Each structure stands twice: as C-alpha cells, then as structure tokens.
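# Secondary and tertiary structure notes
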Amino acid sequence: MRSPLAWGKLNVLSEVALNRNDLPVSDLSENQTWLQLLITRAAAGDTDAFEQIMIHSQQKVMTLSWRMLGNEADARDASQEVFLRIYKYLGRFKQEQDFFAWVYQITVNVCRDFAKKRQRHTTQFPSLASMDTGRDESAFEVPADQQGADEALIAAQQRELIAGAMATLPAKERAAIVLRDIEGHTTDEVARILKSSSTTVRSQISSARRKIKLHCEQYLRRKAR
Amino acid sequence: MNCKQVEELLPLYVGHDLEDGRAGMITAHVQTCTHCAGSVEEYVEAGQLVQQSAAPQFSEATYASVRQSVLHEIKRESETPRLRDLLLRPFQPRLMWAVSTAVLLAACALAYYFVASRPNVLHDQKANAVIKLAPDGAADGRGPEQSSSPAVIAGSPDHRLNPLHKTVKPNLAGGLHSLTMAKNSRKPRLSQPSWHSRTQDEPAAVPGAVPATFETSISSRKPMRLEIQTRDPNIRIIWFSQPPANEGSPNESSKGI
C-alpha cells in the first residue's frame, strides 16, 4: 500500500523535478531518498515514478548516447532502449549501488549494441556539412549576429575536430575517454561502469588521449596549408 | 627518466592519472626538457578541446518524445501477454491440484505394482500344494511299469523359477487321464509349483492305473478326495484322506474306495 504521506512528498518533489532536471545539490541525502523511493515504486510497476526517473536522468543518457554514437537520431533511439532496459531490470538494481553509474553502464552497453547492430565501423559524428544543410539543427544553432556567428563557427570547428578524433577511436576507448574526460568520472568509476579493471581503463585512456592529440595535430597541419 | 619513457607516460600525466612518485619524476623531467614540455602542452590543449566539446542541448520536445515512446512501449508490453503466461494460464489456477493428483496417482500405481508383483504363494504354500504325477511313456503309450520316470510332486514356493513344470505339461496330451486331488473344489493349479521332488508315492502304487499325469492340491486341514480314473471307464478309484498330521506325508489316515 502506498502511504498518502509518501505520495504527497513524492508529488511535491515530482513537480520540482518536472521544472528542472538537476535537483539542488545541497539536499543530497533527501534527493537520494527521493530517488530510492522512485526506484522502489517504478520497480513495482508505477510508470509515473518511472517517468520521474526518466526526467531526472534523460540529459545524462542522451548526452552520453550522442557522444558514443555521434548523431541525434541514433542517440534518441539508444536512449529509448536504455530506458526500456532500465525499466525491465529495475528490480535487479540494489539500493546500495550508485544509480547513475548503473544507468551509464546500461547506456554504454546499449550504444555498443547499436554500433554493432548497424554495422558502422566509423561512427557518424556531426560535421560542418550537416550543419550547413541544417540536418542537425539542435546540435549547431548559428546566431544571427556576426560576432556570435564567428564564435559559433569556431565552436563548430572544434566540435568537428573532436568528433573526427572520437570517430577514430574504438568503442571501448571512446567509452573510457568520454566517461573519464568529459563526464568527469574517476578511473576506478570508469572501470566499474565498463566492468573492467583500472589498469585496462588507464591503458585505454592513455591510448585514446594519444590518438586524439595526433588527430588534432594532423587537423591543424591540414588547416595551416 | 629519459624522453622516451616520459613520452609513454605523458597521456596519463596530463590527466593526473599517475601516482605521485611517477608524476613527480615526470614533472622534474619536463622542467628541464623543452621537447617533452611542448608535448605536455599539446596534450593539455587536446584535452581541453575534448572537455569543451559539449554535447548539443536537446530540446524539451526531444526529451518528451523519448519519454512518451518509452512509456508507450512499456504500456504495450504490459498489455501484451507473454508466451509463458499464455501457456501456463490454463493450468495456473489448478496447477497445485494437478500436481497433487499426479503425485497421488503415481503413488497408487507404485503401490499396486509392488503388491501385484509380490509372491503370493507364501500363504498358499501350505494350502495349495500341487502334486504332479507325470510318468514317462504316457505320451508314447508305454505303461506305468515301463515308465522310467517317477512321479513328480510339485510344491510351490516360486513357480516362476521352475522350468520343469513346462516339461511335464505335454504329457497331459494323448488322451491321458488326469487324477485330481482337490481341496474345497479348487481347480488344479498348474502354475503353482516351483520346487520339484521326485518320488514314487501312492499314485504309482495304484494297481491298473493308466499312465497318467495327475495334479492335485493338498489341504492340510480338510479331508482330501483323490480320484483315479482307470483305463476302464467304469472303474474309478476314489480316495478320501484325512488331513495329514505331518504335511509332508499325505498317506496317513487315508483310505481308498
């Protein structure tokens, strides 16, 4: 039976979560309790609670999917699959686990499956060409004024540079470097997420950084000509 | 450390992924080596580019469409019965009853099997001894005096193990007369005997008896009747016998008519 008191608190917190994706950091323990409550209810089949979980984690899942897969359409499909898997296996989630590490783990696995399924040896990252044709407008919105346009162009070039560098990486190295350098996890956390050892992750990160640096050098050399 | 060793560790050094001891050695080397210092700068710039390469800000409509798709899929899956549920549905309410009945039937079948296969001759051993008398030469027309084979008296502990019973049986053919010693109008039980002992008891002593095979049951408590049909159809010898005090000797206190 759902206690009315718990439901009242849940509804209040849900309204807060509806208005913003990131809950206040100052109230961390309360957020964890709230999240655990949502997880418990969602595992019991409460879709409203699960929708709150999705709202709370959608940005992380979509962003990581986009970084792993390189385009919004695939990221959207992967995110749907991630949330379906989360719902399916929520009963196996242990409360003492880090929920978002678990979510990242599922996301990485789903993105790997996507990459294998679609037989894409080189991931399609957004390019300047796609920006010009307006195919990925949400990724690159060009401001109307000149200064803003210049900044947007530089940002787009940098994005293209990094996207190209990321495309050269194998899936495991890409996952490791995204989680370590972009998402900001520690090496041990990355190892836990990827179900690997710290030594392996360190090796993958080292290799990825070296390849990215090499790609940047080659890119700048080409631009200089 | 030389430049080659430092170069190997620089990717981890710039990301602060090295332990303090090694990091300190590389720092000391970089301060003195301009080439390695340049490499460090390049790694740092590349790392900054990676960190600054923020993913696109997805619109709320994109998030909402993802959520709606997921919820729709969850609802669809919850409404669609699974194959396992479909298969188990007819049995689900009565599954326990079905299992209980099956176990009960199996137990009954097992009990019946053991009871039916148990040798039931133990209690009949005393009451239903079957005597077979099968003089040789019956089938080939020789007389009892010519018979080289003595009478066979068959008792019964376990007839299934005894092949001799079948070897005697063909002697019943050929118009032979059967002599029956019956108890309580019981029919002769050809299937009972299991042990055989060869003897030449009273059937062989009957004068003028035809070569015959006779079977009889011996009662240990009630009077026994023994009929012997001679070759002459008008002559039949009937013996009445009291139950023997000793089960092994039915001749005591018997008399013939």
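Parameters at a glance
- Residues numbered from 1 in each chain as written.
- Chains lettered and ligands numbered in written order.
- Predicted model: local features only at pLDDT ≥ 70, side-chain atom pairs only at ≥ 80, totals over all residues.
- Heavy atoms only, no water.
- Helix = DSSP H or I, 4+ residues; strand = E, 2+ residues; numbered from the N terminus.
- Buried < 20%, exposed > 50% of the residue type's maximum accessible area, 1.4 Å probe, protein only.
- Contact = heavy atoms within 4.5 Å.
- Patch = residues over 30% accessible without salt bridge, like charges linked within 9 Å, V, L, I, M, F, W, Y side chains within 5 Å.
- Areas by Shrake-Rupley, 256 points an atom, 1.4 Å probe, with all protein chains shown as cover.
- Salt bridge = Lys/Arg side-chain N within 4 Å of Asp/Glu carboxyl O.
- Buried area = accessible area lost by both parts, 1.4 Å probe.
- pLDDT = per-residue confidence, 0-100.
- Expected span 1.5 Å × (residues − 1).
- Polar contact = N/O pair within 3.5 Å; in protein donor to acceptor, adjacent residues only side chain to side chain.
- Phe/Tyr/Trp six-rings, centres within 6.5 Å; stacked < 30°, edge-to-face > 60°.
- Lys NZ or Arg CZ within 6 Å of the ring centre and 35° of its normal.
- Core = buried A, V, L, I, M, F, W, Y, C linked by side-chain atoms within 4.5 Å.

### What about the overall build of chain B?
Along its length, chain B carries nine helices and eight strands. By residue count, 35% of the 257 residues in chain B fall in the buried class. Excluding contacts between residues fewer than 6 apart, the proportion of contacts in chain B whose partners are at least 24 apart in sequence is 64%.

### A closer look at a nonpolar patch on the surface
Residues and elements named next belong to chain B. A cluster of nonpolar side chains, contributed by L83, L86 and L87, occupies part of the molecular surface with about 320 Å² of accessible area. Within the secondary structure, L86 is located in helix α5 (residues 83-88). By relative accessible area, which is 44% here, L86 ends up partly exposed.

### Digging into the pattern of salt bridges
Residue and element names in this part refer to chain A. Enumeration over the complete set of coordinates arrives at 17 salt bridges over all chains. With a shortest N-O distance of 2.9 Å, R209 and D181 are connected by a salt bridge. Here D181 lies in helix α8 (residues 171-182) and R209 lies in helix α10 (residues 198-224), a separation of 28 residues in the sequence. Residue R209 is classed as buried on the basis of its relative accessible area of 8%. When its relative accessible area of 12% is taken as the criterion, D181 is described as buried. With a shortest N-O distance of 3.8 Å, E217 and R221 are connected by a salt bridge. With E217 and R221 both in helix α10 and four residues apart, the pair spans about one turn of that helix.

### Examining the interface of chain B and chain A
Contacts between chain B and chain A engage 33 residues on the former and 37 residues on the latter. For the chain B and chain A pair, buried surface summed over both sides reaches about 3,300 Å², with 66% attributable to carbon and sulfur atoms. Taken together, the connections running from chain B to chain A amount to four salt bridges. Between E42 of chain B and K213 of chain A there is a salt bridge, and its shortest N-O distance comes to 3.3 Å.

### Looking at the confidence of the model for chain B
The predicted coordinates should not be examined in detail at positions where pLDDT is low. Per-residue pLDDT for chain B averages 66, and the proportion of residues at 70 or more is 49%. In this model residues 129-219 of chain B is a low-confidence stretch, pLDDT under 50, and it forms 187 contacts with partners more than four residues away in sequence or in other chains.

### Comments concerning unusual backbone geometry
Of note in the backbone geometry, K195 of chain A takes a positive phi value of approximately 55 degrees without being a glycine. Along the chain, K195 of chain A turns up in the loop between α9 (187-193) and α10.

### Examining helix α5 (residues 99-117) of chain A
Residues and elements named next belong to chain A. The end-to-end C-alpha distance of α5 is 27 Å, a good match for the 27 Å that 19 residues give at a rise of 1.5 Å each. With 14 of 19 residues buried, α5 lies mostly within the body of the structure. Here α5 starts with a cap whose side-chain oxygen sits 3.3 Å from the backbone nitrogen of F100, and that cap is D98.

### Considerations on the packing of aromatic side chains
All chains considered together, the criterion is met by seven aromatic pairs over all chains. Counting every residue linked through ring pairs, the aromatic cluster contains F93, F99, F100 and W102 of chain A. Residue placement shows K60 of chain A over the ring face of F100 of chain A; its charged tip is 4.8 Å from the ring centre. We note K213 of chain A situated over the ring of Y43 of chain B; from NZ or CZ to the ring centre the distance is 4.9 Å.

### Topic: the environment of K88 of chain A
In this fold, K88 of chain A is placed in helix α4 (residues 72-89). Expressed as a C-alpha distance, the spacing of K88 of chain A and A43 of chain A, which sit 45 residues apart in the sequence, is 8.3 Å.

### A look at the nonpolar core
Counting 64 residues, the largest nonpolar core has F50, I86, L90, F99 and I212 of chain A as the members making the most contacts within it. In terms of residue count, the dominant contributor to this core is α5 of chain A (11 residues). Among all residues touching F99 of chain A, those that are not within four sequence positions of it are L35, I39, I53, L90 and F93 of chain A. L9, A23, I26 and V40 of chain B belong to the second-largest nonpolar core, a separate cluster that totals 13 residues.

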